[in-house]
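Listed below, chain by chain, are the residues.
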Amino acid sequence: MSTSTNQPERTPPERHIFNQVAPMDRSVRETAMNQRGCVLWLTGLSGSGKSTISRALEMSLVADGHVAFVLDGDEIRSGLNKDLGFSPQDRQENIRRISEIAKLFADCGVICITAFISPLKAHRKMARELIGNDRFFEVFLDADVSVCERRDPKGLYRKARAGKIPEFTGLTSGYEPPENPDICIDTASSTIEQSVWHLAHYIASKGFITLRVSDPEP
Ligand SMILES: Nc1ncnc2c1ncn2[C@@H]1O[C@H](COP(=O)(O)OP(=O)(O)O)[C@@H](O)[C@H]1O
Ligand SMILES: [Mg+2]
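The shown structure was predicted, so the numbers you read here are calculated from the model rather than taken from an experiment.

(A) Local environment of the nonpolar core. In this structure, Val 39, Leu 40, Ile 111, Cys 112, Ile 113 and Val 139 are the most contacted members of the largest nonpolar core, which totals 40 residues. Looking at this core, the elements that each hand over two or more residues are β1 (38–43), α2 (50–63), β2 (68–72), α4 (88–107), β3 (111–115), α5 (121–131), β4 (136–141) and α8 (192–205). Beyond its immediate chain neighbours, meaning those up to four positions away, Val 39 contacts Ala 102, Ala 106, Cys 112, Thr 114, Ile 131, Arg 135, Phe 136 and Phe 137.

(B) Broad picture of the packing of α2 against α8. It is the contact of α2 with α8, at a shortest axis distance of 9 Å, that shows an interaxial angle of 60°. Taken together, the axis directions place α2 and α8 in an arrangement best described as oblique. For the crossing formed where α2 meets α8, the hand is right-handed. Taken together, the residues of α8 that come into contact with α2 (itself represented by Thr 52, Ile 53, Ala 56, Leu 57, Ser 60 and Leu 61) are Ile 192, Ser 195, Val 196, Leu 199 and Ala 200. For the contact of α2 with α8, a count of residues per class yields eight nonpolar, three polar and no charged.

(C) Region of the structure containing the site of ligand 1. Neighbouring residues of ligand 1: 17 residues in total, closest Gly 49, Lys 50, Ser 51, Thr 52 and Pro 153. The set of elements that each furnish at least two residues to the shell around ligand 1 consists of α2 and α8. Looking at the shell around ligand 1, its residues break down into four nonpolar, 11 polar and two charged.

(D) Summary view of the environment of Ile 111. By the secondary structure assignment, Ile 111 is in strand β3. For Ile 111, a count of 27 C-beta atoms within 10 Å gives the class buried. Each C-alpha atom, one on Ile 111 and one on Val 62, is 9.9 Å from the other, the two residues being 49 residues apart in sequence. Look past the residues within four positions of Ile 111 in its chain and what remains in contact with it is Gln 35, Gly 37, Cys 38, Leu 61, His 66, Val 67, Ala 68, Ile 203, Phe 208 and Ile 209.

Rules used in this analysis
Residues numbered from 1 in each chain as written. Chains lettered and ligands numbered in written order. Predicted model: local features only at pLDDT ≥ 70, side-chain atom pairs only at ≥ 80, totals over all residues. Core = buried A, V, L, I, M, F, W, Y, C linked by C-beta atoms within 7 Å. Buried ≥ 20, exposed ≤ 12 C-beta atoms within 10 Å, placed from the backbone. Helix = DSSP H or I, 4+ residues; strand = E, 2+ residues; numbered from the N terminus. Contact = placed C-beta atoms within 7 Å. Axes fitted to C-alpha atoms, helices over the stretch in contact; angles between N-to-C directions. Parallel < 35°, antiparallel > 145°, perpendicular 65-115°, else oblique. Left-handed = near helix turned anticlockwise from the far one by under 90°. Nonpolar A, V, L, I, M, F, W, Y, C, P; charged D, E, K, R; others polar. Near = placed C-beta within 6 Å.

By themselves, these are just geometric observations and shouldn't be taken as functional.
Following this line, the structure appears as C-alpha cells:
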C-alpha cells in the first residue's frame, strides 16, 4: 500500500491491463457516422498557414455535416504537452503523443486535422506508421521562408531574428520538406478557400466523406 512518504505505490501498469473485451469494430461506428476517420497531417514552416487552413477546413467540413477536429500546436503545447520542451527527445515525444491522440480521433471516425510544424521526416514517418498508412495523409504547406517571415502572424520571426528564440525552424533550425507528400499546397499562390476546397475534395475522393454541398473550385 502507501509508502512512508504517503505516495501511492507505483505498480508497473502492464500488470493490470487485461484486454478481455474486444473493442467495437471501427466500421460499425463509421457507418453510423456516415464517414471514415482519417488524419490530415499539415506540415510546414511557422506562418505557412497550418492553423488558418485547418480551422477553415474544420469549419467547412462541419458546416457540410461531417465531424472534424483540429489538433493545433500552440494548444497542445500549452495543455497536454506543457511538460515538454524543445530538446530532440521532447520534440519526438511531442509528436508521438500527438500521433496517439490523432489515432484515437481517427478510430472514433473523426476527420482529424493536425497543425504542427513537425520539421523532421523521421517524426512524420513515426506518425504515419502509428496512425496507419491507409488513413494518414501528409499535407505539405509549401511556403517559402521569405513569405512566412513577411506574414509573421505571431511576430515570432521578428523575435527569432532578434536572437530571442533559439532554434527557430526555418532560420536557425532545419526543416526537412516532405519528398512525397500526399498533398502539396503552395500557400503563397493558393487562397485559403482554394486550399480548403482541395483538401475536402481530396478526402472525399478517397471515400472518407461524401460531400453534401460541393461548390465549384474557387
Ligand atoms: N493563402 C494563404 N493560406 C494560408 N494563410 C494565409 C494565406 N495568405 C495569407 N495567410 C495568412 O498567413 C498567416 C498564416 O498563419 P498561421 O495559420 O498561424 O500559420 P502556422 O499555423 O502555419 O504557423 C495568417 O495570418 C493568414 O491569414
Ligand atoms: Mg499555427
